[in-house]
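# Coordinate analysis (summary)
Take a look at the letters that make up each chain.
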Amino acid sequence: MTPELKAGRLVLRSLQPGDAPAIHRLINDWSVVRMLSRLPFPYPRELAEQWIDSTRRDSAQGSAHHFAITRDGALLGAIALVLSDDRRSGSLGYWLAPTEWGQGLTTQAGQRVVEWGLTVLRLEKITADAAQDNVASAAVLGKLGFVKTGTSSRRFVSRGQDCPIDLFELPRATFLAKTQEPVEVSAPPPAEVTPVVAEPPKPRTLLVVAAALLDAKGRILLAKRPEGKRLAGLWEFPGGKVERDETPEQALIREMREELGLDLTGACLAPFTFVSENAGPFHLLMPLYVVRRWRGVPTPREGQTLEWVAAADLGRYAMPDPDLPLIPLLQELLG
Ligand SMILES: Nc1nc2c([nH]c(=O)n2[C@H]2C[C@H](O)[C@@H](COP(=O)(O)OP(=O)(O)OP(=O)(O)O)O2)c(=O)[nH]1
């Protein structure tokens, strides 16, 4: 199903039958429709209704995810990821009402959808294309990190002619390497010396603690990162960064209280294994503890969604890349 995503003030949500009048009014504008290859001009009202129905079928089948771009409840445009048959790549498309152009809204919505597609859907790459006279769209794709890979030509129904188009691509690896935010590090601040020869930046190590909380049935508690956070929509083991002057165990006890309202004081925090993985601009070092007893009932205090998951089902939950090696180890422990 197509989720609801937040991007600043924008809410990206699935299309509803009640959106037809707004879509008909906004698309039925030559400056919009001339850039959309498959739509006729004028654009009849029934087509808006049929299109909304088709987006809902696509979403149910998981073959495409179409989002209405809305702000304060008003529909401003739409953005979509149409997946390849093998679901390993997607193609990005969008349009925005001309009254909203020039504010960076398409870029904002695009960033969120691209991030979701590459991290939650785990697409290997996203492609896009734009008519060569669609300078604004090429600029948006550039800001999203797409690079031009070639040219082609396509029939534009609205213009009644074939038009040259540029083809663009954003591989997942490129996106992950570029967009992970710089974060706090445990290393000391750099000395105030300007090196004569520039050296490549050293990878910085981020120490994060996490817990595999196990219930009486041997299920593991996973938390879905909330909208607005980096890696939003991915499932992780509850935990967080170790602060200065904290031991990993103190940090885990603090994080479990802050995130889940649990009291782990005096509980057995059994070191299980650790992650040591390149996570983009930082290197993630994450000890994972197995915890079977605590006081309290896990309660999402930071907007996360919680779920108890059987070890055999862990692979069905989209998790950050560094977590993937943990899955078989937990399955072996609990199998
Ligand atoms: N807790 C946790 N974090 C993980 C896992 N896998 C993984 O890559 N991480 C990453 C995501 C974050 O970059 C970092 C955890 O830091 P955090 O939870 O304290 O930080 P955050 O991004 O939520 O931001 P903030 O609350 O500090 O503002 O480790 C995991 O399984 N559990």
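Labelled according to an unreviewed UniProt entry, the chain appears under the name 8-oxo-dGTP diphosphatase, originating from Gluconobacter oxydans. A UniProt comment under Cofactor (unreviewed entry) is attached to the chain, and it reads "Mg(2+)". Among the UniProt annotations of the chain, the heading Sequence similarities (unreviewed entry) holds the following wording: "Belongs to the Nudix hydrolase family."

The subject of this paragraph is the UniProt feature "domain: Nudix hydrolase" (unreviewed entry) in the chain. Within this structure's numbering, the places UniProt gives as "domain: Nudix hydrolase" (unreviewed entry) are residues 203-332. The straight-line gap between the two end C-alpha atoms of residues 203-332 is 32 Å; of that span, 15% is helix and 34% is strand.

Take the sheet that holds strand β10 (residues 220-224) next. What the three strands build is an open sheet, ordered β11-β10-β15; its pairing is antiparallel. Strands with a single pairing partner mark the edges of an open sheet, and in this sheet they are β11 (235-236) and β15 (305-309).

One face of the sheet, then the other: side chains in a regular strand alternate in exactly this way. The pairing of strand β6 (residues 125-131) with strand β8 (residues 161-171) spans seven bridges and is classified as antiparallel. What sits directly across from alanine 131, in β8, is isoleucine 165. Two elements, strand β7 (residues 147-156) and β8, share nine bridges in a ladder whose sense is antiparallel. Residue pairing in the sheet places threonine 151 in a bridge with aspartate 166 of β8.

Cut-offs used in this document
- Residues numbered from 1 in each chain as written.
- Predicted model: local features only at pLDDT ≥ 70, side-chain atom pairs only at ≥ 80, totals over all residues.
- UniProt positions renumbered as here; feature names shortened; annotations may be inferred.
- Helix = DSSP H or I, 4+ residues; strand = E, 2+ residues; numbered from the N terminus.
- Pairing = 2+ DSSP bridges.

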